[in-house]
Amino acid sequence: MKEDLWSNFHIQLSAHYAVIFAMCIADYYLLLFLNKYLPYSKNIFLRIVADTAGITVICMVLLTIFNFLIYDVFLIPQDGLPPFLVKFAFAMSTNIPILLVFELIHYFQSEQKAIADSEKAKRKVLLFQHETLRSQLNPHFLFNSLNVLSSLIYFNQESANKFTKALSKTYRYVLSLTHQPVVTVAEELLALDSYIFLMRMRFENSFTFTVNKLAFSEQYKIIPLTLQLLIENAFKHNSATEESSLNIIINIDNDYITVENNIQLSGSADRGGIGLRYITEQYKIHNKEVKVEHTKQMFIVKIPYIQP
């Protein structure tokens, strides 16, 4: 019997390595499947249970195939060979370290990717802030603001003083965002007051501005300057006159901030520069989707919260 075992040792050894190789492949695909449908971030306990069940099934299937090849294909006698339960225990003790190695490799790769994504997000935020500041400092904005200011200085010095303070607050808010990737809705609305004041001094009674909000929703977090840029786009792409006013409405609820305005396109509207495209890209960094609805009468943008 010992001679039979020794003469078939090369077959058994080859089958053993074939099983180990098959385990590695099966564990790899098990890891991919679970990372997609049941990641650790979703439910750690269920993931551990799924890992255990997966390697158990893998061992059972591979041992069944192994026994079939050894006993039915190569016709090796079962005398002296360990029983199925012993083989199963050996297979599990071999398979668990294999899966643990794959899990560790995936963990370190995920950590490196998270660090890289974080750095990328920081660079995009800095670029966003730079582009926003440049947009605020563009010649058209300054030219229009200075024109309004010069007129106010001549006709109404008190209003000119208020206009100067509002302009200063607007720039101060932009400059303060260097280390703030997100702000509360309350902070954004407070900064928006200064910008709306500037627009009222410039357009007077040519537009209406309404904010409907739930009190507790003011602590939700959004990307800085989101509301200001959306309102800026509304003025840039639409005409506003006393006969045909531009109506801007902000609705703040539990799920979204909705910014909408009636459409009355301006023929000289500037189609370039920072705007909705930059806002959309910033929210994509946080895996959030900005929803845009464009009808014949209304332009509607729904902004999700970064942190509800």
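Please read all numbers here as calculations on a predicted model, not as lab measurements. (Residues numbered from 1 in each chain as written. Predicted model: local features only at pLDDT ≥ 70, side-chain atom pairs only at ≥ 80, totals over all residues. Heavy atoms only, no water.)

Chemist: Is there a simple way to think about helix α8 (residues 226-237) in this case?
Modeler: Counting along an α-helix, one turn takes 3.6 residues, and residues three or four places apart therefore face a common direction. An ideal rise of 1.5 Å per residue puts 16 Å on 12 residues; α8 measures up with 17 Å between its terminal C-alpha atoms. Taking burial as the measure, the 12 residues of α8 include 11 buried ones, the bulk of the element. Those residues of α8 that sit buried are T226, L227, Q228, L229, L230, I231, E232, N233, A234, F235 and H237. (Helix = DSSP H or I, 4+ residues; strand = E, 2+ residues; numbered from the N terminus. Expected span 1.5 Å × (residues − 1). Buried < 20%, exposed > 50% of the residue type's maximum accessible area, 1.4 Å probe, protein only.)

Chemist: Help me out: how do you make sense of the packing of helix α7 (residues 185-203) against α8 in this one?
Modeler: A pair of packed helices is captured by two measures, namely the crossing angle of their axes and the spacing between those axes. Relative to each other, α7 and α8 sit at 20°, their axes nearing to 9 Å. Classified by the interaxial angle, the pair formed by α7 and α8 is roughly parallel. When you trace α7 past α8, the crossing you get is right-handed. Each of E188, L189, L192, Y195, I196, M199 and F203 in α7 lies in contact with α8, whose residues at this interface are T226, L227, Q228, I231, E232 and F235. Grouping the constituent residues of the contact of α7 with α8 by class yields 9 nonpolar, 2 polar and 2 charged. (Axes fitted to C-alpha atoms, helices over the stretch in contact; angles between N-to-C directions. Parallel < 35°, antiparallel > 145°, perpendicular 65-115°, else oblique. Left-handed = near helix turned anticlockwise from the far one by under 90°. Contact = heavy atoms within 4.5 Å. Nonpolar A, V, L, I, M, F, W, Y, C, P; charged D, E, K, R; others polar.)

Chemist: How should helix α9 (residues 276-285) be read in this particular structure?
Modeler: For α9, the set of buried residues is L276, Y278, I279, Q282 and Y283. What you see down the axis of α9 is that its buried residues fit within an arc of 160°, all on one side. Directly after α9, the chain includes N287, whose backbone phi takes a positive value near 60°. (Arc of directions from axis to C-beta.)

Chemist: Where do I start with the nonpolar core in this structure?
Modeler: A general tendency of soluble globular proteins is for nonpolar side chains to be buried together. Of all hydrophobic cores here, the largest spans 48 residues; its most connected members are L192, I231, I250 and I257. With 9 residues, the single largest contributor to this core is α7. Apart from residues no more than four positions distant in its own chain, I231 is found in contact with L192, Y195, I196, F209, I248 and I250. Judged by nonpolar contacts, the second largest core, of 20 residues, contains I58, L63, I98 and L99. (Core = buried A, V, L, I, M, F, W, Y, C linked by side-chain atoms within 4.5 Å.)

Chemist: Any chance you could explain the side chain of T94 here in plain terms?
Modeler: Within the secondary structure, T94 is located in helix α4 (residues 84-136). Once you skip the residues sitting within four places of it in the chain, T94 turns out to touch I20 and M23.

Chemist: What is the right way to read the sheet that holds strand β5 (residues 256-262) from this model?
Modeler: Taking strand neighbours across the sheet as the criterion, the 5 strands line up as β2-β4-β5-β7-β6 in an open arrangement whose pairing is mixed. Looking at strand neighbours, the two that pair on one side only are β2 (207-213) and β6 (291-294), the edges of this open sheet. When strand polarity is set aside, the average angle formed by the axes of neighbouring strands in this sheet is 10°. Strand direction decides the pairing type here: β2 and strand β4 (residues 246-252), joined by 7 bridges, are parallel. Following the sheet pairing, V211 is matched in β4 by I250. Across the sheet, α7 lies against β2, β4 and β5, angled at about 165° from β2, the strand it touches most. (Pairing = 2+ DSSP bridges.)

Chemist: Looking at this model, I keep getting lost on the side chain of N238. Mind explaining?
Modeler: Locating N238 in the fold gives a position in the loop between α8 and β4. Side-chain polar atoms of N238 contact the backbone oxygen of A234, separated by 3.0 Å. At a separation of 3.0 Å, a polar atom in the side chain of N238 contacts the main-chain amide nitrogen of Q264. With sequence-adjacent residues up to four places away left out, N238 is seen in contact with L246, N261, N262, I263, Q264, L265 and S266. (Polar contact = N/O pair within 3.5 Å; in protein donor to acceptor, adjacent residues only side chain to side chain.)

Chemist: I'm lost on unusual backbone geometry in this one. Help?
Modeler: Negative phi values dominate among residues other than glycine, just as trans dominates among peptide bonds. Positive phi is not limited to glycine here, since L225 has a value of about 70°. Take L225: it is sitting in the loop between β3 (221-222) and α8. The class of L225 is buried, set by a relative accessible area of 2%. Despite not being glycine, N287 shows a phi value in the positive range, around 60°. By secondary structure assignment, the location of N287 is in the loop between α9 and β6. Given the relative accessible area of 73%, N287 is considered exposed.

Chemist: Looking at this structure, I do not really get a positive patch on the surface. What am I missing?
Modeler: A contiguous patch of positive charge, built from K120, R123, K124 and K284, is present on the exposed surface. A per-element tally of the positive patch places α4 first, with 3 residues. Looking at the element boundaries, K124 is found in helix α4. (Patch = residues over 30% accessible without salt bridge, like charges linked within 9 Å, V, L, I, M, F, W, Y side chains within 5 Å. Areas by Shrake-Rupley, 256 points an atom, 1.4 Å probe, with all protein chains shown as cover. Salt bridge = Lys/Arg side-chain N within 4 Å of Asp/Glu carboxyl O. Lys, Arg positive; Asp, Glu negative; His and termini not counted. Charge placed at Lys NZ, Arg CZ, Asp CG, Glu CD.)

Chemist: I would appreciate a short explanation of the environment of L192 in the present structure.
Modeler: For L192, the position within the fold is in helix α7. Distance from L192 to L225, taken between C-alpha atoms, is 8.4 Å for residues 33 residues apart in sequence. Aside from chain neighbours lying at most four places away, what touches L192 is F209, L227, Q228, I231 and I250.

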